Structures are given as C-alpha cells and as structure tokens.
Amino acid sequence: MKDIRRIGIMTGGGDCPGLNAVIRAVAKTAMSMYGVEAYGIEDGFLGLIENRIHPLTYDDVSNILTRGGTILGTSNKADPARFAVRVGADGKPVFEDMTPKVLANVEAHKLDAIVCIGGDGTMTGAANLCRHGVRIVGVPKTIDNDLMHTEITFGFQTAVATATDALDKIHTTASSHHRVMLVEIMGRNAGWLTLESGIASGADIILIPEIPYELDAVCEACLRRSRHGKKFTIVAVSEGARARGGGQVIQRIVPDSPDPVRLGGIAHVLVDQIAQRTGLEVRATVLGHVQRGGTPVACDRVLATRFGFHAMELLAAGRFNELVVMQNSQLTSVPIESVAGKQRLVPADHPLIAAARAVGTSFGEK
Ligand code: F6P
C-alpha cells in the first residue's frame, strides 16, 4: 500500500441493502489495517462532479452495518462522461463531458484510488474514469443480481427475502378470496429476483423476461388449478416480463439517466387480460422500491463485508481497475471494463428453472 495514502469511497446507481456494510468494511480496513485515510464521496458520481467529498472518521463508519440505504447518498442519473447540465430549447437534456471536472476534484482531494460500489451503470462510468488514469476498484451491488462475471451481488438476498415475505402474505389473502394474485417484482431485464422469490414462496406461475410467456398458457395454468379444486393462483411476474412477440411495459423514461428506461406496469396489463379470458377474479400488487429498502439479511452483511475487505486487499496488492466478484463461491476479480454495459440474464437451462418446473411451476409456456 506504499503509494496509497488516501482513498475515496462512493456508492452509485440505485441503492440496496448492504451498501453501508461495504462502506464500513472498506473504511475500517483502510484505516485500521493499512493506515489509509478514507474520504466519502456524496451521491455517487454527482459528488465527484460537484466536489462534494469529505473525510470519514472511524466513528462515521461505526454502527452502520445493519442500516439500509447508504450514508453517502447515491444517484442513478450522473454519468460524468455524459452529464445532463440543462434542458435544451427542444425540452431534451443537454449533455456535457464532466470528466475533466472529476479528474480535477480527484486531484484536489489527493485521492490515490476510489472504491466504487455499484452496478453496471456505475461500472460503465468507472471504466471511463479508469481510462483517464483514475485508479478504481469496483464492488458489485444490485438487487437485480444481473452484473456480469459475478454469481452474486450483495443486496440480492435481502430483496429475495422481502419479495418472498410479500408473496407469502399475498398467498393467504389469495386463498381467502379465491383469486388470481399477480405480484410484480423488480429486476430490470433479468428474472433472478422473481425466480428465487417465486420458488421460495411456491408461486404457481413465474414470468421472467428470459422466457417470453403465452397469454393462453398463463390463463390455462390458472384454469387448470381451478379445475383441480385449487381456488387461487399466485403469479410472480418480473417487471421486465413480456409476451412472446410482444414488448416490455415501460413505466417511464428518465431522460437524464444513463439507462433511461424504467420498466413497470406489466401486472396491471395482465390483470385485465387474465380476468377477461378466464372469468376469474384477479388482482395485482406492485412491490416497487420496498424491495430496495430495509436491513440487509445476515448473508448480505457477510458478503458485503467480504467484498469490502477484498477491495482493500486488491488496492494493497496494487491491483487497480478491477471489480471484486464471486465465482464458484470464491472471491476473485475481473477488469471493470469487462462488466461495463453488460447484463447477466437467467440462462434457459438454469437448474433453478428445472427445479421449479419439477414442482409444477408454470413459466407461461405452451
Ligand atoms: O436496478 C435496481 C432497480 O431497483 C431495478 O430493479 C428497477 O428497475 C430500477 O432500479 C428502478 O429504478 P428507479 O429507482 O430509478 O425507479
């Protein structure tokens, strides 16, 4: 750790449970093991652009292990290379490259390296800064679990627990009212969160983006249950799910975000379609941001601590521009560049899909 005396820590993109556990692990390891100062960068890349960077004390990062969110704040709208500075005459954002500002702020605070905690959007921004000479180590976060080259991101298991708890609760009201209940689950274009919480709660139908569904097959699965005396059906549906030959349901476009599409609303589309075709009573629940909140579960606290510690080990070994990842249950690292702008989707032959099918779960296929 000869040439690193001060590091910056930032959290970028959508928040998730376990961010504070990583901040704590990185900062405590830096201070107590390596005698390195830690600086907190506020609101992700926004803080680097706007020069909102402050020293962190040991006390600042104590007692935050179990706290949800991030003490540093975050933003999923600030890409330094393409930063929306104002709205143009045409109503569209005008973008500018803020990389020179970021480089000047990194220099001004004498940050020898930065630990960037984020998902693919943050790693895309980080890869750009690496190309400009900033020394970065990445730590993978997202409830979507869709980052390339890592089999797990912290935050995911907490979101699975939250979604499973919600599905369990929906189960009891579904059975009382003999209804088809749709539960819409986050995850963008990846079905991991829906798949795991759907299996954990015994959902009867699981709809994920990677397996386009046939509406007829979904309705038939509901009716088949009715015919067999099962008076209710639980459908776990990914926000990114789509009918075969159809498109995803877009909730909104965030023009100044590096990834402007926000998915959502598929459950409400399906409510009417299933009700009309089956004559059954159908309701929809959209879980939304509750999936990103709350206290991390124990395994996310452990994972976050291991990721944070390993990030510091990489810095100590002079390994920069790498992302901490988990492969075959072992911590290792890959170039940040190799995950930028990519998504890890559920493969069609994944063992979880086979297991779900074996217990009678329908994926809405013919
Ligand atoms: O990537 C995490 C995530 O929660 C996705 O599952 C979801 O599609 C998106 O972020 C929502 O983004 P926002 O917080 O901007 O609404």
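Residues numbered from 1 in each chain as written. Predicted model: local features only at pLDDT ≥ 70, side-chain atom pairs only at ≥ 80, totals over all residues. Heavy atoms only, no water.

(A) Structural context of the layout of surface pockets. Roughly 890 Å³ of internal volume is contained in the largest pocket. Contributing to the lining of the largest pocket are 42 residues, with Asn76, Asp144, Arg188, Arg262 and Arg292 lying nearest its centre. When residues of the lining of the largest pocket are traced back to their parent elements, those giving at least two are α4 (120–131), β8 (180–185), β11 (250–253) and β12 (261–263). A per-class count over the lining of the largest pocket returns 11 nonpolar, 17 polar and 14 charged. Counting only domains with at least three residues in the lining of the largest pocket, you end up with domain 1 (6–154 + 296–338) and domain 2 (159–292). Every residue along the wall of the second largest pocket is listed here: Gly202, Ala203, Asp204, Ile205, Ala221, Arg224, Arg225, His228, Val359, Gly360, Thr361 and Ser362. If one sorts the elements of the lining of the second largest pocket by residue count, helix α7 (residues 215–227) sits on top with three residues. Taken together, the residues that form the lining of the second largest pocket break down as four nonpolar, five polar and three charged. (1 Å grid on protein atoms, 1.4 Å probe; cavity = no way out; pocket = protein on both sides within 12 Å on 5 of 7 lines; lining within 4 Å. Points joined across faces, edges and corners; volume = space filled by probe spheres on them. Helix = DSSP H or I, 4+ residues; strand = E, 2+ residues; numbered from the N terminus. Nonpolar A, V, L, I, M, F, W, Y, C, P; charged D, E, K, R; others polar. Domains from an automatic or database assignment.)

(B) Geometry of the environment of Thr172. Mapping Thr172 onto the fold places it in helix α5 (residues 156–177). Taking the relative accessible area as the measure of exposure, Thr172 reaches 52% and is therefore exposed. (Buried < 20%, exposed > 50% of the residue type's maximum accessible area, 1.4 Å probe, protein only.)

(C) Looking closely at the environment of Val359. Its place among the elements puts Val359 in the segment after α10 (351–358). Take Val359: its relative accessible area is 70%, and that puts it in the exposed class. Separated by 251 residues in sequence, Val359 and Ala108 place their C-alpha atoms 59 Å apart.

(D) Looking closely at the domain arrangement of the protein. For the protein, the assigned domains are domain 1 (6–154 + 296–338) and domain 2 (159–292). Computed over C-alpha atoms, the centres of domain 1 and domain 2 are 32 Å apart. Of the residues lining the interface, 16 residues belong to domain 1; the matching set on domain 2 comes to 16 residues. Summed over both partners, the interface of domain 1 with domain 2 buries about 1400 Å², with 53% contributed by carbon and sulfur atoms. Considering only the surface of domain 1 that becomes buried against domain 2, Lys77, Ile143 and Asp144 emerge as the three largest contributors, covering 40% of it. Along the contact surface separating domain 1 from domain 2 lie five salt bridges. (Contact = heavy atoms within 4.5 Å. Buried area = accessible area lost by both parts, 1.4 Å probe. Salt bridge = Lys/Arg side-chain N within 4 Å of Asp/Glu carboxyl O.)

(E) Structural detail: the side chain of Glu322. Turning to its location among the elements, Glu322 is positioned in strand β14 (residues 322–327). In terms of polar contacts, Glu322 uses its side chain to reach the side chain of Arg319, at 3.0 Å. A distance of 2.5 Å separates a polar atom in the side chain of Glu322 from a polar atom in the side chain of Ser333. Setting aside residues up to four positions removed in sequence, Glu322 forms contacts with Ile136, Val137, Gly138, Leu314, Ser333, Val334, Pro335 and Ile336. (Polar contact = N/O pair within 3.5 Å; in protein donor to acceptor, adjacent residues only side chain to side chain.)

(F) Representation of the nonpolar core within the structure. In terms of nonpolar packing, the biggest core is built from 63 residues, with Ile7, Ile9, Ile117 and Phe154 touching the most fellow members. Taken together, domain 1 (6–154 + 296–338) and domain 2 (159–292) each give at least three residues to this core, which thus spans both. Those residues within four positions of Ile117 in sequence are excluded, and the remaining contacts are Ile9, Met10, Thr11, Gly12, Leu19, Val22, Ile23, Thr122, Met123, Val139, Lys141 and Phe154. Listed in part, the 29 residues of the second largest apolar core include Ala78, Val102, Val106 and Val339. (Core = buried A, V, L, I, M, F, W, Y, C linked by side-chain atoms within 4.5 Å.)

(G) Structural view of α4. Taking 1.5 Å of rise per residue, 12 residues should cover 16 Å, and α4 covers 16 Å from first to last C-alpha, within 8% of that figure. The element α4 is extensively covered by neighbouring structure, given that nine of its 12 residues are classed as buried. Inspection of α4 places Asp120, Thr122, Met123, Gly125, Ala126, Ala127, Asn128, Leu129 and Cys130 among the buried residues, and these make up the whole buried set. Where α4 is buried, its residues touch β1 (6–11), α2 (45–49), α3 (99–108), β6 (113–118), β7 (136–140) and β14. Two residues or fewer after α4 comes Gly133, characterised by a positive phi angle close to 95°. (Expected span 1.5 Å × (residues − 1).)

(H) Main features of the pattern of salt bridges. In this structure the tally under the stated criterion is 23 salt bridges. Of the charged contacts in the structure, one is a salt bridge between Glu220 and Arg224, with a shortest N-O distance of 4.0 Å. Of this pair, Glu220 and Arg224 both sit in helix α7, four residues apart, which is roughly one turn of that helix. Put simply, Asp120, Asp144, Asp146, Arg188 and Asp259 are held in one network by salt bridges that share partners.

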